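Here is how the chains run, residue by residue.
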Amino acid sequence: MSVDAEDPKENRLYSVSELSRELAITPRSMRFYEDKGLISPSRVGTTRVYSIRDRARMKLIIRGKQLGFTLRDIKQYLDLYDADPKHSAQKMLLLKQIQKKMRDLNAMGAAISATLSDLENIQQSLLNSFTVDAA
DNA sequence: TTTCTTACA
DNA sequence: TGTAAGAA
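Cut-offs applied
- Residues numbered from 1 in each chain as written.
- Chains lettered and ligands numbered in written order.
- Predicted model: local features only at pLDDT ≥ 70, side-chain atom pairs only at ≥ 80, totals over all residues.
- Heavy atoms only, no water.
- Helix = DSSP H or I, 4+ residues; strand = E, 2+ residues; numbered from the N terminus.
- Rg over C-alpha atoms; globule rule 2.2 N^0.38 Å.
- Buried < 20%, exposed > 50% of the residue type's maximum accessible area, 1.4 Å probe, protein only.
- Areas by Shrake-Rupley, 256 points an atom, 1.4 Å probe, with all protein chains shown as cover.
- Lys, Arg positive; Asp, Glu negative; His and termini not counted.
- Charge placed at Lys NZ, Arg CZ, Asp CG, Glu CD.
- Axes fitted to C-alpha atoms, helices over the stretch in contact; angles between N-to-C directions.
- Parallel < 35°, antiparallel > 145°, perpendicular 65-115°, else oblique.
- Contact = heavy atoms within 4.5 Å.
- Nonpolar A, V, L, I, M, F, W, Y, C, P; charged D, E, K, R; others polar.
- Salt bridge = Lys/Arg side-chain N within 4 Å of Asp/Glu carboxyl O.
- Domains from an automatic or database assignment.

The secondary structure content of chain A amounts to 5 helices and 2 strands. Listing each helix as α and each strand as β along chain A from the N terminus yields α-α-β-β-α-α-α. Taken over C-alpha atoms, the radius of gyration comes to 24 Å for chain A, far larger than the 14 Å a tight globule of 135 residues would show. Here the C-alpha coordinates of chain A stretch approximately 90 × 35 × 30 Å along the principal axes. Looking at chain A as a whole, 24% of its 135 residues are labelled buried. Total accessible area on chain A is roughly 10000 Å²; 58% of this is exposed by carbon and sulfur atoms. The averaged location of the 17 negative side-chain charges in chain A is 4 Å from the averaged location of its 22 positive side-chain charges.

Moving on to the environment of R21. Following the sequence through the fold, R21 ends up in helix α1 (residues 16–23). Residue class for R21 comes out exposed when judged on its relative accessible area of 62%. Distance from R21 to G64, taken between C-alpha atoms, is 19 Å for residues 43 residues apart in sequence.

Further remarks concern the packing of α1 against helix α2 (residues 27–35). Two elements in contact, α1 and α2, have axes whose closest approach is 8 Å; the angle formed by their N-to-C orientations is 105°. Here α2 runs roughly perpendicular to α1, going by the angle between their axes. Within the contact between the two elements, α1 uses V16, L19 and S20 and α2 uses P27, M30 and R31. Residue composition of the contact of α1 with α2, grouped by class: 4 nonpolar, 1 polar and 1 charged.

What the rule picks out here adds up to 7 salt bridges. Within the structure, one salt-bridge network assembled from shared partners comprises E34, R43 and R48.

Here we come to the domain arrangement of chain A. For chain A, the assigned domains are domain 1 (9–68) and domain 2 (83–135). In this structure, domain 1 and domain 2 have C-alpha centres spaced 33 Å apart.

The phi torsion at A24 lies on the positive side, around 60°, for a residue other than glycine. The residue A24 is located in the loop between α1 and α2 in this model. Its relative accessible area of 71% is what places A24 among the exposed residues.

The following block contains the structure:
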């Protein structure tokens with residue numbers, strides 16, 4: 001049987017350029033995440049080779065970033081996957097990270113509302129000063 | 001051409 | 001993270 005072209009994806013391998021293209025990020029970012037210890041692609045010589053699992057890991061990294069988590073947060077989460085096969089500690093960490101993220105976002109929202117309110121008040125007095133002058 | 005590393009912005 | 005530079 002011919003397995004040289006499209007092996008079942010379980011064994012598929014990617015180069016930085018291929019995977020970065022598929023994930024819509026730059027090869028530079030992938031290497032950066034590696035420097036930070038979030039991924040450890042295998043090597044063929046000095047060239048990085050990404051497996052299906054590396055691809056899944058990269059997707060989680062990207063997902064985490066989209067949700068506003070830091071690379072450090074994501075690394076903590078990822079490091080737990082390789083630990084307990086039941087992933088209970090991992091789930092617990094994620095729950096905590098999510099709750100903190102929500103608290104932070106709510107705090108930011110409150111700060112923004114407060115600033116918006118200040119700005120509106122200043123704007124209003126400025127607007128009032130004009131109508132008073134006119135009257 | 002592609003990828004790698006290192007250094008700097 | 002982007003870009004630049006030199007090497008394989």
